[in-house]
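Geometric and topological summary
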Amino acid sequence: YWRDWSSDVCSSDLLLEDGSKITLISWNKFNCEGNAWYNLDSEQVEQLATKKVVKAQMKNGYSYATYANDVPQGYQDYFMRLANDAKNNKVTLQK
């Protein structure tokens, strides 16, 4: 699962360094904490473990407003580092 702290988020698009895109749809209803949760399939997990995320776009499920921004250089490999930490038992991933 990936946790996104943007309120009312219904979907997120992640643009990867090779130009491919991952579209994620939250499976929970909006809550007052502003959390959205996503299930990732094995292909998406593999993409995030091996490719940097260069841009993210979130769509508000309530107002349908969108927000897109470039991912700062120091955070583009966040999921790659997370996957590496999981592989080396530094974190535990739940299914």
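Reference entry: report on the structure contained in this document.

About the criteria used
- Residues numbered from 1 in each chain as written.
- Predicted model: local features only at pLDDT ≥ 70, side-chain atom pairs only at ≥ 80, totals over all residues.
- Heavy atoms only, no water.
- Phe/Tyr/Trp six-rings, centres within 6.5 Å; stacked < 30°, edge-to-face > 60°.
- Buried < 20%, exposed > 50% of the residue type's maximum accessible area, 1.4 Å probe, protein only.
- Helix = DSSP H or I, 4+ residues; strand = E, 2+ residues; numbered from the N terminus.
- Arc of directions from axis to C-beta.
- Polar contact = N/O pair within 3.5 Å; in protein donor to acceptor, adjacent residues only side chain to side chain.
- Salt bridge = Lys/Arg side-chain N within 4 Å of Asp/Glu carboxyl O.
- Core = buried A, V, L, I, M, F, W, Y, C linked by side-chain atoms within 4.5 Å.
- Contact = heavy atoms within 4.5 Å.

Quick notes on the packing of aromatic side chains
In this description, an aromatic ring pair is defined by two values, namely the gap between the centres and the angle between the planes. Inspection of every chain in the model, using the stated rule, returns one aromatic pair. Aromatic pair tyrosine 78 and phenylalanine 79: ring centres 5.1 Å apart, planes at 80°, arrangement edge-to-face. Judged by its relative accessible area of 40%, tyrosine 78 falls in the partly exposed class.

Topic: helix H1 (residues 42-50)
Turning to H1, its buried residues number three or more, namely Gln44, Gln47 and Leu48. One side of H1 holds all its buried residues, which, seen down the axis, span an arc of 95°. Away from the buried face of H1 by more than 90 degrees, exposed residues Ser42 and Glu43 are located. You can read the cap of H1 off the contacts: a side-chain oxygen lies 3.1 Å from the backbone nitrogen of glutamate 43, and it is on aspartate 41.

Comments concerning the pattern of salt bridges
Per the counting criterion, the structure on display carries three salt bridges. In this structure, the salt-bridge partner of aspartate 18 is lysine 51, at a minimum N-O distance of 2.9 Å. Within this pair, whereas aspartate 18 is found in the loop between strand S2 (9-16) and strand S3 (21-25), its partner lysine 51 is found in the loop between H1 and strand S5 (53-60), the two being separated by 33 residues in sequence. Overall, the relative accessible area of 46% leaves aspartate 18 in the partly exposed class. Here lysine 51 falls in the partly exposed class, since its relative accessible area comes to 22%. The salt bridge partner of arginine 81 is aspartate 77, with a shortest N-O separation of 3.0 Å. Judged by relative accessible area, aspartate 77 falls into the partly exposed class, the value being 23%.

Remarks on the nonpolar core
With 11 residues, the main nonpolar core is built from Leu14, Leu16, Ile22, Leu24, Tyr38, Leu48, Val53, Ala56, Met58, Val71 and Phe79. Of all elements in the fold, only S2, S3 and S5 reach the threshold of two or more residues within this core. The greatest single-element share of this core, amounting to three residues, is contributed by S5. In contact with leucine 48, not counting residues within four places along its chain, are Leu14, Leu16, Ile22, Leu40, Val53, Phe79 and Met80.

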